[in-house]
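# Coordinate inspection notes
Single-letter residue listing:
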Amino acid sequence: MEGVFYMAAAVAVISTALVIVQMNVVHALLYLILSLLSAAVIFVTLGAPFVAALEVIIYAGAIMILFVFVIMMLNLGTQSAGMERQWMRAGMWAGPAVLALLLLADVIYMLAVSPRVSGYAAKAAGPREVGIALFGPYLIGVELASVLLLAGLVGSFHLGRSVRQRLPEEGEAGGGEGD
Amino acid sequence: MGKTVPETIRHLIIVFGVLAVMMSIAAGLIWVERRLLGFWQDRYGPNRVGPFGILQPLADMIKVFAKEDWVPPFADRPVFILAPAIIVVTVLLAFAVVPFAPSISVADLNVGLLYFLALSSLGVYSVALGGWASDNKYALIGALRASAQMISYEVFMGLSLMGVVMLAGSFNLRAIVEAQRRLWFVVPQFFGFVIFLIAGVAETHRLPFDLPEAESELVAGFHSEYSGMKFGLFFVGEYLGITLISALIATFFFGGWLGPLLPPAVWFFIKTFFFIGVFILLRATLPRPRYDQLIRLGWKVMLPLALANLVVTGGIILAAG
């Protein structure tokens, strides 16, 4: 399992790096999907198959396909790739690189200082364990997330509705007064 | 890891056996579908190659393999090549958790049902990316339709199965079949079955839900630019998808391998082929709805129905203790 973990981790790191440097937006998105899939494999090796399945269903399957959908509608061609190339000058890398290096130093320090603990769970956390945790100690988090989603739902419903109401008015007034 | 050699060999035989059987079923369906369509629409269908035209798939395969494998110069080459492979790979991977008989399944995952849902949600990329990479407006419209349709129908495809999960108390496909020893889940979960069947037709974008490739409006939809074996992969992927959904309907709602007298695997294949026949009958009889009707049906009828089914099932299980 350790070998699988390191392989998946390497794929995750490399594909995430490629997300940043890819000029073509759709190719970058494909690498992001790959990165999410490798994260799912990491979850499996750490004994969380349920979380891994949800990661693939929700992130790789649902959210990323919406990203692809939007990019497809915008139909960004070679122009946007050229623009990306312009933005990716060497100077752009200085700031993020310094900050990332600081974080890397933190991680290395913590790994060196902390006692060695095996990261592998004694037993796999199945759907039952995840469910008990979600509706036990983390109930408030679940409820807060559902409130946030409800707000998003109401917001998108409102946006979708206002357009539909305006259209027949414009047709009747023959030019739209504006509101 | 810790397995004896005969066990490993047995496992390998199952893996390659499932692969070979599925690929031959997908090829055979080319003939079965066209013959059945002919039968139901009062015409002959292919009957020239071999007895009853049974060698038609072979002739089709020779044709597909011999065709020029062409990538349009304006296409996004790597994505164009990748897209047809995704659908075949995801569907074949999903077959890994299907229990064909008590002792015949490739992997006995505890989250088997979620594994299937995960792979079917990844299958969308094949159509979406194939249409985008073709750089053709018909292909792009087909891909947009396909992704909107598949995202919508995926939502309640998952929800329709949760009733089954609640009754069986497990995501494991084998446990779900074992839980149906007394009563097939199609009886307590009739609405779940209907919703899953409709969602399954939409997921495999078969007629009447084949708007992504509606030839009267979109040439051939997302695969307009594909030819040769790449088109063949989309084709095989569709038949594999039908087989997968039929096998899963049999597993989730009709007791999988359970049945009297005949060996378990035979029962499983009888049930699976019955639902493949239903898929073909749907294609032979139903007209295509308009696209907005399709999406409206999904969100305004199927989703509330799936949620209501979930609430009622949960309530009854809770009341029964």
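Keep in mind the model is a prediction, meaning the values are calculated, not measured.

The rules behind each value
- Residues numbered from 1 in each chain as written.
- Chains lettered and ligands numbered in written order.
- Predicted model: local features only at pLDDT ≥ 70, side-chain atom pairs only at ≥ 80, totals over all residues.
- Heavy atoms only, no water.
- Helix = DSSP H or I, 4+ residues; strand = E, 2+ residues; numbered from the N terminus.
- Buried < 20%, exposed > 50% of the residue type's maximum accessible area, 1.4 Å probe, protein only.
- Contact = heavy atoms within 4.5 Å.
- Areas by Shrake-Rupley, 256 points an atom, 1.4 Å probe, with all protein chains shown as cover.
- Buried area = accessible area lost by both parts, 1.4 Å probe.
- Polar contact = N/O pair within 3.5 Å; in protein donor to acceptor, adjacent residues only side chain to side chain.
- Nonpolar A, V, L, I, M, F, W, Y, C, P; charged D, E, K, R; others polar.
- pLDDT = per-residue confidence, 0-100.
- Arc of directions from axis to C-beta.
- Phe/Tyr/Trp six-rings, centres within 6.5 Å; stacked < 30°, edge-to-face > 60°.

Looking only at helices and strands, one finds 7 helices and 0 strands in chain A. Along its sequence from the N terminus, chain A presents helices and strands in the succession α-α-α-α-α-α-α. Residues counted as buried form 20% of the 179 residues belonging to chain A. Within chain A, residue pairs in contact and separated by at least 24 positions form 64% of the contacts whose partners lie at least 6 positions apart. In the form shown here, chain A has an accessible surface area of approximately 12,900 Å², with 73% of it arising from carbon and sulfur atoms.

Now for the interface of chain A and chain B. Contact residues are listed per partner, giving 23 residues for chain A and 22 residues for chain B. Both faces combined, the contact of chain A with chain B buries some 2,000 Å², and carbon together with sulfur accounts for 81% of it. Per-residue buried area on chain A facing chain B is highest for Ile 57, Ile 65 and Met 72 of chain A; these three make up 30% of the total on that side. Inspection of the region where chain A meets chain B yields 2 residue pairs in polar contact (both at pLDDT 80 or more). Of all the elements in the fold, those that place two or more residues in the side of chain A that touches chain B are helix 2 (25-45), helix 3 (49-74) and helix 6 (127-134) of chain A. Ranked by residue count, the leading element in the side of chain A that touches chain B is helix 3 of chain A, at 14 residues. Broken down by class, the residue content of the side of chain A that touches chain B amounts to 18 nonpolar, 4 polar and 1 charged.

Residue and element names in this part refer to chain B. Note that Ser 134 resides in the loop between helix 5 (124-133) and helix 6 (137-168). Exposure remark for Ser 134: the relative accessible area of 0% places this residue in the buried category. In terms of polar contacts, Ser 134 uses its side chain to reach the backbone carbonyl oxygen of Gly 130, at 2.8 Å. Discounting chain neighbours no more than four positions away, the residues touching Ser 134 are Phe 74, Ala 75, Phe 80, Ala 139, Phe 222, Glu 225 and Tyr 226.

Looking at chain B as a whole, its pLDDT mean stands at 83, while 98% of the residues score no less than 70. Two summary scores accompany this predicted model of the complex, namely pTM at 0.82 and ipTM at 0.80.

The next thing to look at is helix 2 (residues 56-66) of chain B. All names here are of chain B. For helix 2, the complete set of buried residues consists of Gln 56, Pro 57 and Asp 60. In a view along the axis of helix 2, the buried residues occupy a sector of 95°, so they form one face of it. Residues of helix 2 that are exposed and angled more than 90 degrees away from the buried face: Ile 62, Phe 65 and Ala 66.

To describe a pair of aromatic rings, you give the distance between the ring centres and the angle between the ring planes. Residue and element names in this part refer to chain B. Tallied over the entire structure, the rule returns 23 aromatic pairs over all chains. Relative to Phe 269, the ring of Phe 268 lies with its centre 5.9 Å away and its plane at 85°, an arrangement referred to as edge-to-face. Using a relative accessible area of 1% as the deciding quantity, one classes Phe 268 as buried. Put simply, the rings of Phe 116, Trp 184, Phe 190, Phe 191, Phe 193, Phe 196, Phe 252, Phe 253, Phe 254, Phe 274 and Phe 275 touch in pairs and so form one group of aromatic residues.

As a further point, take the environment of His 158 of chain A. Mapped onto the fold, His 158 of chain A is located in helix 7 (residues 139-173). On the basis of relative accessibility, which here comes to 54%, the residue His 158 of chain A falls in the exposed class.

Apart from glycine, the bulk of residues carry a negative phi angle, and the bulk of peptide bonds sit in the trans form. Its identity is not glycine, yet Asp 42 of chain B carries a phi of approximately 60°, on the positive side. Within the secondary structure layout, Asp 42 of chain B lies in the loop between helix 1 (5-40) and helix 2.

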